[in-house]
2 protein chains.
Amino acid sequence: MNEATSTSQQRHQPRSKKILVVCAHPEPRSLNAALTVFAVEHLRAAGHEVRVSDLYAMKWKATVDADDFSGHAADRRLRVMAASEQDTLSGRLSPDIAAEQEKVLWSDAVILQFPVWWFSAPAILKGWIDRVFTSGFAYGPALPPPYGDGVLAGRRALLSVTAGARGSAFSDRGVHGRLSDVLHPLQHGLFWFTGMAPLEPFAVYDANELPAERFAAAREAYARRLDGLFTDEPVPFRSLVGGDYGRDMRLLPGVEVPGTNGLDLHVGPRR
Amino acid sequence: MNEATSTSQQRHQPRSKKILVVCAHPEPRSLNAALTVFAVEHLRAAGHEVRVSDLYAMKWKATVDADDFSGHAADRRLRVMAASEQDTLSGRLSPDIAAEQEKVLWSDAVILQFPVWWFSAPAILKGWIDRVFTSGFAYGPALPPPYGDGVLAGRRALLSVTAGARGSAFSDRGVHGRLSDVLHPLQHGLFWFTGMAPLEPFAVYDANELPAERFAAAREAYARRLDGLFTDEPVPFRSLVGGDYGRDMRLLPGVEVPGTNGLDLHVGPRR
């Protein structure tokens, strides 16, 4: 697209963005499916382009194995990272993986919609992450450094989750751990590592039974989060190359917000 | 087994225990496979019984779907937790799931051996957790409460992981987050939730290339951890019913070790 076309499109639809929604629930009549449909309709009504990867409907292959790597000789020891990097750089990745990478690159924002199972993503979604975010695509020696400056920088990222537990159990002193800490491997480890700017997760709690009025309230709350997808302040995670970390990748002494420890060390001051 | 038989066996082999090792790596010549073989041999040499679930070799089905639930009518909305609870309680679970549940119940300790992919377990192992730890088996209304007093109490649990990163990046101030925080969903969310007593994880870092002398050192370090499987002090996570938490499942004010916050709130004082 040349600059003139781009400018012309921006004039007509100044806030039009591209959003990829990845959904991981086996039941098309589930709350997660309903929230996905709602997000798609709400974002399209706001003028955005939306694509959906419905992992169960796609029968997404969850497990990384040698079949993923056409460049790998069957009689040689499989080194997963090296094999995936080689196939990524030589354009030989399995077509289902390449198609998802294209969607991620196309997007201005990625939303992952899933039920919290055992305090993380369902296996099919973990398998989407394991297989799609290959070395050479999402990180790697020839790519920008991780954490903030990663190759997918410029994109927003939102986790939209449902949980059977009450919200208090995922609150700051809740027994399950604070939701943002429980989801650290996705918020910081996937999104921020690859350069995407994660927003605070959106959660519907007590979700095993959701009467109509609570579903309506959840939709309304989600609508506000979707409206802020490109304007809400992301979690201010620290940049690896911003001078906060030493060469050993540890936070330098005294950099932290006074009194913080644990995972909060990696969050800078909020505006 | 009657009491006399039990006592007789204990006399002959006073410390003999039963250990389940679950391994999740696609390559039989990998470091993870080598550590699994080493653990099996080391534990058997110490007089223990060991069973192995090699998930890739078993072609473990990673994804929870309607096929798992024979008691579920195809035309009805699938509620995953309710369907899995119903099939668990009526003995209709898929045979591959039932076989793994039997192994967990048989065990005195569970070891999960895996490469850290995207700061958590590979999808195939997440799928072992999602599918095996059903409601009615690992937790549920008719079972003891979670966190410490759960149905699998009395068992030890150990994560044995490999990571490409340097150890400093997973240390207390490391950019990835402290390893025990990153693994919180497994340590606290799976093990402690179901009543198992988790030990500090064992990790081999910088594991993409491991020269022979570092592999030998890793084996030696792992041997010491295996020797302490039933005697090392577990992480002193707090019990939900021990009086530390309120009815809203939040830690009561002032209970924490002074100065702690984040996930450390849920760890009691160390001896």
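The following paragraphs examine the structure supplied in this document. Remember, it's a predicted structure, so these values are computed and weren't measured experimentally. (Residues numbered from 1 in each chain as written. Chains lettered and ligands numbered in written order. Predicted model: local features only at pLDDT ≥ 70, side-chain atom pairs only at ≥ 80, totals over all residues. Heavy atoms only, no water.)

Some points on the relation of the copies chain B and chain A
Short version of the rule: Residues reaching a pLDDT of at least 70 in both copies supply the C-alpha atoms on which the copies are superposed by least squares. Contacts are assigned to residue pairs with any non-hydrogen atoms lying within 4.5 Å of each other.
When chain B is fitted to chain A, the residual RMSD is 0.0 Å, and the transformation amounts to a turn of 180 degrees plus an axial shift of 0.0 Å. Classification of the inter-copy transformation places it as that of a two-fold axis. Closest approach to the rotation axis among the C-alpha atoms of chain B is made by Ala123 of chain B, whose C-alpha sits 2.4 Å away. Looking at the interface residues of chain B, 100% of them are also at the interface in chain A, so both copies use one shared face.

A word on the side chain of Arg155 of chain B
All names here are of chain B. What counts, and what does not: Where helices and strands are cited, they refer to DSSP runs of H or I of at least four residues and of E of at least two residues respectively, numbered from the N terminus. Accessible area is worked out with a 1.4 Å probe on protein chains only. A residue is then buried under 20% of its type maximum, exposed over 50%, and partly exposed in between. When charges are counted, Lys and Arg contribute as positive and Asp and Glu as negative, whereas His and the chain ends are disregarded. Here, a salt bridge means any Lys or Arg side-chain nitrogen found within 4 Å of an Asp or Glu carboxyl oxygen. Counted as a polar contact is a pair of N or O atoms within 3.5 Å, where, for protein atoms, one must be capable of donating a hydrogen and the other of accepting one, and residues adjacent in sequence contribute only when both atoms are in side chains.
The residue Arg155 is located in the loop between helix 5 (123-132) and strand 4 (156-162) in this model. Here Arg155 occupies a buried position and makes no salt bridge, while the nearest side chain of opposite charge, Asp108, is found at 6.4 Å. Among the polar contacts made by the side chain of Arg155, one reaches the main-chain carbonyl oxygen of Val104 at a distance of 3.0 Å. Polar side-chain contacts of Arg155 include one of 3.3 Å to the backbone oxygen of Leu152. Sequence-distant contacts of Arg155, defined by excluding residues within four places in its chain, comprise Val104, Leu105, Ser107, Asp108, Met196 and Ala197.

What about helix 4 (residues 95-106) of chain B?
Residues and elements named next belong to chain B. What counts is decided by this rule: Helices are assigned an expected span. That span is 1.5 Å times one less than the residue count.
With 12 residues, helix 4 should reach 16 Å at 1.5 Å per residue; the first-to-last C-alpha distance of 16 Å fits that figure. Among the residues making up helix 4, those that are buried are Ile97, Glu100, Gln101, Lys103, Val104 and Trp106. Contacts made by the buried residues of helix 4 are with strand 1 (18-23), strand 2 (49-54) and helix 5.

Quick look at the environment of Ser168 of chain A
Relative to the assigned elements, Ser168 of chain A resides in the loop between strand 4 (156-162) and helix 6 (179-182). The spatial distance from the C-alpha of Ser168 of chain A to the C-alpha of Tyr205 of chain A is 9.2 Å, given a sequence separation of 37 residues. Those residues in contact with Ser168 of chain A that sit more than four places away from it in its chain are Gly174 of chain A together with Asp248 and Arg250 of chain B. A distance of 2.6 Å separates a polar side-chain atom of Ser168 of chain A from the backbone oxygen of Asp248 of chain B.

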